[in-house]
Amino acid sequence: MNGPLSRRNFLRTGLATFCATLIGTHAEKTAARDFEGYHQSKGVLVDLTRCIGCRSCEAACNKEQGLPPPETGFDDPSVFQLDEHGQPRRPDDRAYTVVNRYETEFADHPLFRKIQCNHCLEPACLTACFVNAYTKTPEGAVIYDADVCVGCRTCMIACPFSIPAFKYSSAFEPRIMKCIFCYDTRLVNGLPPACVEACPTEALTFGERETLLRIGRKRIRERPNRYVDHVYGEHEAGGTAWLYLSGVPHDEVGFDMDVPKQPIITYVKDFLAIVPMVLTIWPALFAGFHLLASREQKTIETNHASQEDSHESTGQ
Amino acid sequence: MNKRHDHLFPGMLMLLGIVFILTAARTGSATDPSDYLDLDRLGDRYGEVAFDHALHADYAACSECHHHTTGEAPSDPVCAACHQAGDEAESVSCATCHPVQPFAVELIEQKANSTRYHIDIVGLQGAYHLNCLSCHEAIGGPTGCTDCHQSQP
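All values derive from a computational prediction rather than experimental measurement.

Enquirer: I would appreciate a short explanation of the interface of chain A and chain B in the present structure.
Expert: The accessible area lost on association of the parts is a frequent measure of interface size. Contacts between the two partners involve 26 residues from chain A and, on the opposite side, 22 residues from chain B. Summed over both sides, the interface of chain A with chain B buries roughly 2,100 Å², with 56% coming from carbon and sulfur. For the chain A face of the interface with chain B, the top three residues by lost area are Glu 202, Arg 214 and Lys 218 of chain A, together amounting to 25%. Summed over the shared surface of chain A and chain B, the result is 2 salt bridges. A salt bridge links Asp 76 of chain B to Arg 223 of chain A, with the nearest nitrogen and oxygen atoms 3.1 Å apart. Across the chain A-chain B interface, the total number found is 10 residue pairs in polar contact (both at pLDDT 80 or more). Elements with a minimum of two residues in the side of chain A that touches chain B: helix H6 (194-198), strand S8 (204-208) and helix H7 (209-222) of chain A. Here the side of chain A that touches chain B takes 7 residues from H7 of chain A, the largest share from any one element. Residue composition of the side of chain A that touches chain B, by class: 10 nonpolar, 5 polar and 11 charged.

Quick look at the structure:
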C-alpha cells in the first residue's frame with residue numbers, strides 16, 4: 001500500500017526529478033542568494049546617534065588615500081549646506097567619504113550621516129563589470145583594479161548606492177574611484193580603516209560583521225528609546241559590510257529604503273537566464289508566428305475568393 | 001591722622017596674610033593628582049587634556065563617569081538593571097577597561113567568540129568623548145575640538 005514503488009509515487013518522483021533538472025539553474029540561483037559573505041569578513045557599525053559631524057573621518061580618509069586637499073578646510077561647516085540643486089554632498093573622486101547634516105522633525109538637534117562605499121556582500125558593481133575589474137576580498141572589502149578598467153561606467157549605474165565615481169581629469173585614462181576600506185594599507189594587516197581610528201566618539205565600530213550585528217541588536221535592545229529598530233545594511237542590497245544604527249527612521253537621514261532586499265546579482269542572473277531562452281525559443285516562436293500569419297493570409301485570400309464567387313453568384 | 005594710620009597697618013598685614021594663605025592653598029590642591037589630572041594616554045594629534053577632577057566631582061556624582069566602580073550605585077538606569085549596588089573596582093582608571101587600541105586583532109577575535117555580556121566596550125578615545133561631550137552638551141561645558149586639547153603640529 002505504502003510501498004515506495006507504487007505507480008503513483010514512481011511517477012511523482014520521476015516528475016520531480018525531471019522538474020528539478022529543468023529548474024536546476026534556478027536552484028543554483030537560490031543558493032547564491034543565500035550567500036552570507038565570507039566567514040569572519042569585516043565590517044563597520046555606524047552609530048548615527050553618536051556622530052557629532054566633526055568630519056575627522058573625512059580628514060583621515062583624505063590623508064590615508066593621498067587625495068587632493070579639500071576646497072575648504074575640514075573644519076568648515078559651510079559644506080553642510082545643500083548645493084544649488086538642493087542636494088547634499090556625494091562622495092566623488094576627490095573625497096571617498098563625506099558627512100552630511102540633516103534637520104528633521106524627529107530630533108531637536110541636527111543629525112549627521114557619513115556616506116562611503118557600503119562594501120556589499122554581493123556587489124552589483126562587480127557583477128556588472130565586463131572586464132572583471134572588481135574583487136570582493138575575503139576580508140570584506142570591494143576593491144578594483146584601475147588598470148583593467150575601460151571606463152564604461154556600468155558599475156556607476158549598477159550600484160544601488162551610486163558610489164563609484166570617475167576621475168575625468170584625463171580623457172584617455174578614465175579611472176574609477178571609490179572607498180576601498182583602506183584595503184591595501186590597513187585591512188590586509190588587520191587594522192581598522194583610517195576613518196574608524198580617527199572617530200573621537202567611536203560612532204564607527206570595526207569588527208567581524210557577525211559580531212557587529214550582535215552589538216547593533218544589543219544597543220537597540222538596551223536602549224529602545226534611543227534607536228529605531230532597524231539595522232540598515234543587514235539585508236539591504238543582499239547585505240552590506242557597513243551597517244547603520246539610527247535614532248530616527250533611516251529615510252529621514254538620506255537612506256534609500258527602496259533598495260531591494262535581495263542582492264542585485266539575482267536580478268542580473270534572472271536577466272542572464274533569459275538570454276539562452278531568446279536564442280532557442282525565439283526562432284521557433286517567430287517561425288510559428290510567420291506560419292500562422294501566412295496561413296491567415298491564405299485563409300483571407302481564399303475567403304475573399306469564395307466571397308467574390310458568392311458575390312458573383314448573387315449578382316446574377 | 002596718625003592714629004588712624006596706626007590702626008590701618010595691622011589690618012593691611014592681616015589682609016596680606018589671608019591672601020597669601022589662600023593662594024598657597026589653591027596651588028597645593030592643584031598639584032594634588034586626584035584633584036587635577038593630565039590625561040595623555042592617547043595619540044599625538046592633540047596634546048594632553050588638563051582635567052580638573054575636583055571641579056567635576058562637585059558637578060556630578062562619581063558614577064556619572066566611573067559607572068559603579070567607585071562603589072556608588074550606577075546612575076545610568078540601563079546599567080542599574082544588573083548592577084544595582086556599587087561594586088568597587090581595583091582600578092577606576094578608564095583605561096583599565098576601555099582599551100587604547102579597541103580594534104586590535106586579538107580583541108576582535110576575543111569579541112567574536114566571547115560569551116561575556118559586555119561585547120560592546122568602547123575604546124578609551126570613545127569612552128572619554130562620549131562621556132565628556134554628552135554632559136558638556138547637556139549642561140554647558142567646552143565642546144570645540146581644540147577647547148580641551150591643542151592641535152599638535
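Enquirer: I keep staring at the environment of Phe 166 of chain A and nothing clicks. Help me out?
Expert: With respect to the helices, strands and loops of the structure, Phe 166 of chain A is situated in strand S6 (residues 165-167). A C-alpha to C-alpha distance of 14 Å links Phe 166 of chain A and Leu 67 of chain A, two positions 99 residues apart in sequence.

Enquirer: Honestly, the UniProt feature "binding site: heme c 4" (unreviewed entry) in chain B in this entry has me stumped. Any pointers?
Expert: All names here are of chain B. Feature annotation in UniProt assigns "binding site: heme c 4" (unreviewed entry) to the following positions: His 136. With respect to the secondary-structure elements, His 136 resides in helix H7 (residues 124-139). With sequence-adjacent residues up to four places away left out, His 136 is seen in contact with His 56, Gly 141, Pro 142 and Thr 143.

Enquirer: So what exactly am I meant to see when it comes to the UniProt feature "binding site: [4Fe-4S] cluster 3" (unreviewed entry) in chain A here?
Expert: All names here are of chain A. As recorded in UniProt, the sites labelled "binding site: [4Fe-4S] cluster 3" (unreviewed entry) are Cys 117, Cys 120, Cys 125 and Cys 159. In summary, the annotated positions, though distributed over 43 residues, converge in three dimensions, the widest C-alpha pair being only 11.0 Å. As for the second largest cavity, its lining draws on Cys 117, Cys 120, Cys 125 and Cys 159 from among the annotated residues. Under the relative-accessibility criterion, Cys 117 is labelled buried at 8%. In this structure, Cys 117 is in contact with Ile 163, Lys 178, Cys 179 and Trp 242, ignoring residues within four places of it in sequence. Of the residues examined, Cys 159 reaches a relative accessible area of 13% and is grouped as buried.

Enquirer: Is there a simple way to explain the layout of surface pockets in this structure?
Expert: Remark: the empty space left among the atoms is shown by a probe the size of a water molecule rolled over them. Residue and element names in this part refer to chain A. Put simply, the second largest pocket is a space of about 420 Å³. Looking at the second largest pocket, it is lined by 22 residues, and the ones nearest its centre are Pro 70, Glu 71, Arg 89, Asp 92 and Ala 95. The element best represented in the lining of the second largest pocket is helix H3 (residues 56-64), accounting for 3 residues. Looking at the lining of the second largest pocket residue by residue, the classes come out as 10 nonpolar, 4 polar and 8 charged.

What counts as what
Residues numbered from 1 in each chain as written. Chains lettered and ligands numbered in written order. Predicted model: local features only at pLDDT ≥ 70, side-chain atom pairs only at ≥ 80, totals over all residues. Heavy atoms only, no water. Contact = heavy atoms within 4.5 Å. Buried area = accessible area lost by both parts, 1.4 Å probe. Salt bridge = Lys/Arg side-chain N within 4 Å of Asp/Glu carboxyl O. Polar contact = N/O pair within 3.5 Å; in protein donor to acceptor, adjacent residues only side chain to side chain. Helix = DSSP H or I, 4+ residues; strand = E, 2+ residues; numbered from the N terminus. Nonpolar A, V, L, I, M, F, W, Y, C, P; charged D, E, K, R; others polar. UniProt positions renumbered as here; feature names shortened; annotations may be inferred. 1 Å grid on protein atoms, 1.4 Å probe; cavity = no way out; pocket = protein on both sides within 12 Å on 5 of 7 lines; lining within 4 Å. Buried < 20%, exposed > 50% of the residue type's maximum accessible area, 1.4 Å probe, protein only. Points joined across faces, edges and corners; volume = space filled by probe spheres on them.

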